[in-house]
Amino acid sequence: MTSDRAITLNVLALYALAAVLATAFGAQFILGELPCPLCLLQRIMFALLAIGPILNIRYGPRPSHYALSLLAAIVGAIVSTRQVLLHIMPGDAGYGSTLFGYHFYTLALLAFIAAIALIALVLLFDRQFMTPPASVTAGAFATIAVGLIIALTAGNFASALLECGFKACADDPIAYELMKR
């Protein structure tokens, strides 16, 4: 795989991460479900997972960039596993609504595991690190992907600030802390 193809894959990865963040963010407002503290941590890990692809797009593919994403995916998988284990007991309805029959934290665990596997797979292709990309300037397709990630991360940060205020978030949030009267 050439470095140009690797960059294209990184751009597609950013769009996938943007879709994950947008789905979680949309469910928060459309379904009126405030994210719990572990849900917020998972969103942070998805945003941090995007750092590797962004660096690869800007500076060309490097193993260190993939390593940053790999670390974020591992921490995200740990956080998601913790939440799955909190709701694994028989009779526990889980937290929040479901998508495709699975709670969002279960889908997040699957997404983080898939990210770990995909990053490991992409790291097997050494040729992407041997030659610099034809052009390091990002095209419109890549620029839009980076902009989406930045906007969704900023939106999630703002909503978390409204939800939690300047203190620890409630385990089972029911209202936006900074919007209470």
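These numbers were taken from a predicted model, which means no experiment stands behind them.

## Some points on the state of the cysteines
Next, step 1: According to the stated counting rule, one finds one disulfide in the structure shown.
Next, step 2: Note that Cys164 is cross-linked by a disulfide to Cys169, the S-S spacing being 1.7 Å. Judged by the torsion about the S-S bond (100 degrees), the Cys164/Cys169 disulfide is right-handed.

## Side note on the packing of aromatic side chains
Next, step 1: Under the criterion given, the structure shown has four aromatic pairs.
Next, step 2: Where Tyr15 meets Phe141, the ring centres are 4.7 Å apart and the plane angle is 35 degrees; that geometry is what we call tilted. With Tyr15 in helix H1 (residues 3-30) and Phe141 in helix H7 (residues 140-164), this residue pair connects regions lying 126 residues apart in the sequence.
Next, step 3: Overall, Phe141 belongs to the partly exposed group, its relative accessible area being 48%.

## Remarks on the environment of Ser159
Next, step 1: Mapped onto the elements, Ser159 comes out in helix H7.
Next, step 2: Counting along the chain gives 63 residues from Ser159 to Gly96, while the straight-line C-alpha distance between them is 17 Å.
Next, step 3: With residues up to four places along the chain from it excluded, the contact list for Ser159 reads Phe25, Gln28, Phe29 and Tyr176.

## Some details on the layout of surface pockets
Next, step 1: Roughly 500 Å³ of internal volume is contained in the largest pocket.
Next, step 2: For the lining of the largest pocket, the secondary structure elements donating two or more residues are H1, helix H2 (37-49), helix H3 (51-59), helix H4 (63-86) and helix H5 (104-123).
Next, step 3: Each residue belonging to the lining of the largest pocket can be placed in one class, and the counts come to 17 nonpolar, four polar and no charged.
Next, step 4: By volume, the second largest pocket amounts to about 430 Å³.
Next, step 5: What lines the second largest pocket is a set of 22 residues, and nearest its centre among them are Val20, Thr23, Ala24, Phe104 and Tyr105.
Next, step 6: Listed by contribution, the elements that provide at least two residues to the lining of the second largest pocket are H1, H2 and H5.
Next, step 7: Ranked by residue count, the leading element in the lining of the second largest pocket is H1, at six residues.
Next, step 8: Split into classes, the residues belonging to the lining of the second largest pocket amount to 16 nonpolar, four polar and two charged.

Parameters at a glance
- Here, residues in each chain are numbered from 1, in the same order as that chain's written sequence.
- Only residues with pLDDT of 70 or above have their local features reported here, since the model is predicted, and side-chain atom pairs are shown and tallied only from 80 upward, although totals for entire chains, interfaces and linings are computed over all residues.
- Derived side-chain values reflect all non-hydrogen atoms in the structure, with water molecules and hydrogen atoms excluded from consideration.
- Any two cysteine sulfur atoms lying within 2.5 Å of each other are counted as a disulfide.
- Planes of paired rings set the category: under 30 degrees apart is stacked, over 60 is edge-to-face and the rest tilted, where pairs are Phe, Tyr or Trp rings (Trp by its six-membered ring) whose centres lie within 6.5 Å.
- Helix and strand definitions here come from DSSP, where helices need a minimum of 4 consecutive H or I residues and strands a minimum of 2 consecutive E residues; each element is numbered from the N-terminal end.
- Each residue is assigned to one of three classes by its accessible area relative to the maximum for its type, calculated with a 1.4 Å probe on protein chains only: buried under 20%, partly exposed between the two thresholds, exposed over 50%.
- Whether two residues are in contact is decided by their heavy atoms, any of which lying within 4.5 Å being enough.
- The pocket and cavity definitions rest on a 1 Å grid over protein atoms only: a 1.4 Å probe that fits but cannot leave marks a cavity, an open set with protein on both sides within 12 Å along at least five of seven lines marks a pocket, and residues lining either have an atom within 4 Å of a point.
- Grid points are joined across faces, edges and corners, and a volume is the space filled by probe spheres set on the points.
- By the convention adopted, Pro, Cys, Tyr, Trp, Phe, Met, Ile, Leu, Val and Ala count as nonpolar, Lys, Arg, Asp and Glu as charged, and the other residues, Gly among them, as polar.

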